[in-house]
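Understanding the architecture of this molecule
This is what each chain is made of:
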Amino acid sequence: MESKAPFIKELTLPAISAPMFLISGPELVISCCKNGIVGTFPALNQRTSEGFEEWLIEIKTALKEFEEETGKKAAPFGVNLIVHQTNPRLEADLKLCIKHKVPLIITSLGAVSQVVDAIHSYGGLVFHDVIKKRHAQKASEAGVDGLILVTAGAGGHAGTINPMTLVAEIKQFYHKTIILSGCISTGRDIASALQMGADMAYMGTRFINTNESKATPEYRKMIIDAGASDIVYTASISGVHANFLGASLRAAGITEEDLKKDTKIDFGKEMDTEAKAWKTIWSAGQGVALIQDSVPVADLITKLKTEFILALEDQTKLLLHYTKK
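Presented here is a report on the structure given in the accompanying data block. (Residues numbered from 1 in each chain as written. Predicted model: local features only at pLDDT ≥ 70, side-chain atom pairs only at ≥ 80, totals over all residues. Heavy atoms only, no water.)

**Remarks on the side chain of aspartate 93**
One can find aspartate 93 in helix H3 (residues 90-99). Residue aspartate 93 is classed as buried on the basis of its relative accessible area of 1%. When sequence neighbours within four positions are dropped, the list of residues in contact with aspartate 93 reads Ala43, Leu44, Ser49, Phe52 and Leu81. (Helix = DSSP H or I, 4+ residues; strand = E, 2+ residues; numbered from the N terminus. Buried < 20%, exposed > 50% of the residue type's maximum accessible area, 1.4 Å probe, protein only. Contact = heavy atoms within 4.5 Å.)

In structure tokens, the structure reads:
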């Protein structure tokens, strides 16, 4: 028996703006939710749990005011929690998510049934990101409500498996919500994700180039100037393989020899934490090849919906053609 996230049918588009380190904040989340897609952000984008709670209050207040003023229902928002022993804030941030009844929690680096149960206690949903079948099986056993399949070419800590294969493989045993991540930049891409069997699309890189993101003008321009072949997959930045803009790596003085290493680069005193590294070395997915502008979230979502509908109309024409054969 299938059990899909109930909010999907209420969205403008079946899409989530992914929680991006140092990029996603209240302004981006609020704009996404007002325009009918799920907006999310990492709890660790705020330096303290106190600051994190301030963001939760800001988002909840803005969306409540929007609904009261317009009579429209905003899309739910979500928070990304790093569920790993290296995250000293997990317990405090989880308590705040429970206190404020955050509708959607996206867990990374560990699917723990106790965390899932805690979110379920107030009616929240838990989606977990995975890059391979084994991770998906463990998350399924932990009781998560959705799996985010991070496939080849995605920004950040991406996997290497083709999306068609991974979606089909996971659907053999998992029958709840499946969200696809990897090179999704257009409305047609969203339609393609659904055709492959996913229930939603997960879009990160495309939302870096929105007016409401925290990306610098230089970051946005580098995305516009980049093609798919300009994305570098390396473990040398964070110790875990991820995709980065090659131009930002070169600008930081990182050599080809550095990039071949499977261990994290020692950046020295001037760049002694991963957070500082990611401020200078910019992540992006291969979907940069289709990004040529930086626009307000509202304009982007309108464009995505138009493209999505046109893609579905094309599929309907094909259906009519081949059913007559």
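**Some words on the nonpolar core**
One recurring pattern in soluble globular proteins is that nonpolar side chains are buried together. Counting 93 residues, the largest nonpolar core has Val79, Phe207 and Leu245 as the members making the most contacts within it. The residues contacting leucine 245, other than those within four sequence positions of it, are Tyr219, Met222, Ile223, Ala226, Asp230, Ile231, Trp282, Ala284 and Val288. (Core = buried A, V, L, I, M, F, W, Y, C linked by side-chain atoms within 4.5 Å.)

**Concerning the pattern of salt bridges**
Applying the stated rule across the entire model yields eight salt bridges. Across the pair arginine 188 and aspartate 314 runs a salt bridge, and its minimum N-O distance is 2.8 Å. Taken together, the positions of arginine 188 in helix H7 (residues 187-195) and aspartate 314 in helix H13 (residues 297-323) put the pair 126 residues apart, joining distant regions of the chain. Taking the relative accessible area as the measure of exposure, aspartate 314 reaches 31% and is therefore partly exposed. (Salt bridge = Lys/Arg side-chain N within 4 Å of Asp/Glu carboxyl O.)

**Notes on unusual backbone geometry**
Its identity as a non-glycine residue notwithstanding, leucine 22 has a phi of 70 degrees, on the positive side. The exposure class of leucine 22 is partly exposed, given its relative accessible area of 24%. With phi around 65 degrees, cysteine 183 is a residue other than glycine that occupies positive phi space. Tracing the backbone shows cysteine 183 in the loop between strand E7 (177-181) and H7.

**Digging into the sheet that holds E7**
Paired through their backbone hydrogen bonds, the strands of a sheet run either parallel or antiparallel. The strand order E1-E2-E3-E4-E5-E6-E7-E8 describes a closed barrel built from eight strands, whose pairing is parallel. Neighbour-to-neighbour, the strand axes of this sheet turn through a mean angle of 25 degrees, independent of strand direction. Relative to strand E2 (residues 38-42), strand E1 (residues 15-17) is paired through two bridges, and the arrangement is parallel. Paired with isoleucine 16 across the strands is valine 38, a residue of E2. Sheet contacts for helix H1 (residues 26-34): E1, E2 and strand E3 (77-82); angle to E2, the most-contacted strand, approximately 165 degrees. (Pairing = 2+ DSSP bridges. Axes fitted to C-alpha atoms, helices over the stretch in contact; angles between N-to-C directions.)

Distances and angles like these do not, on their own, reveal function.
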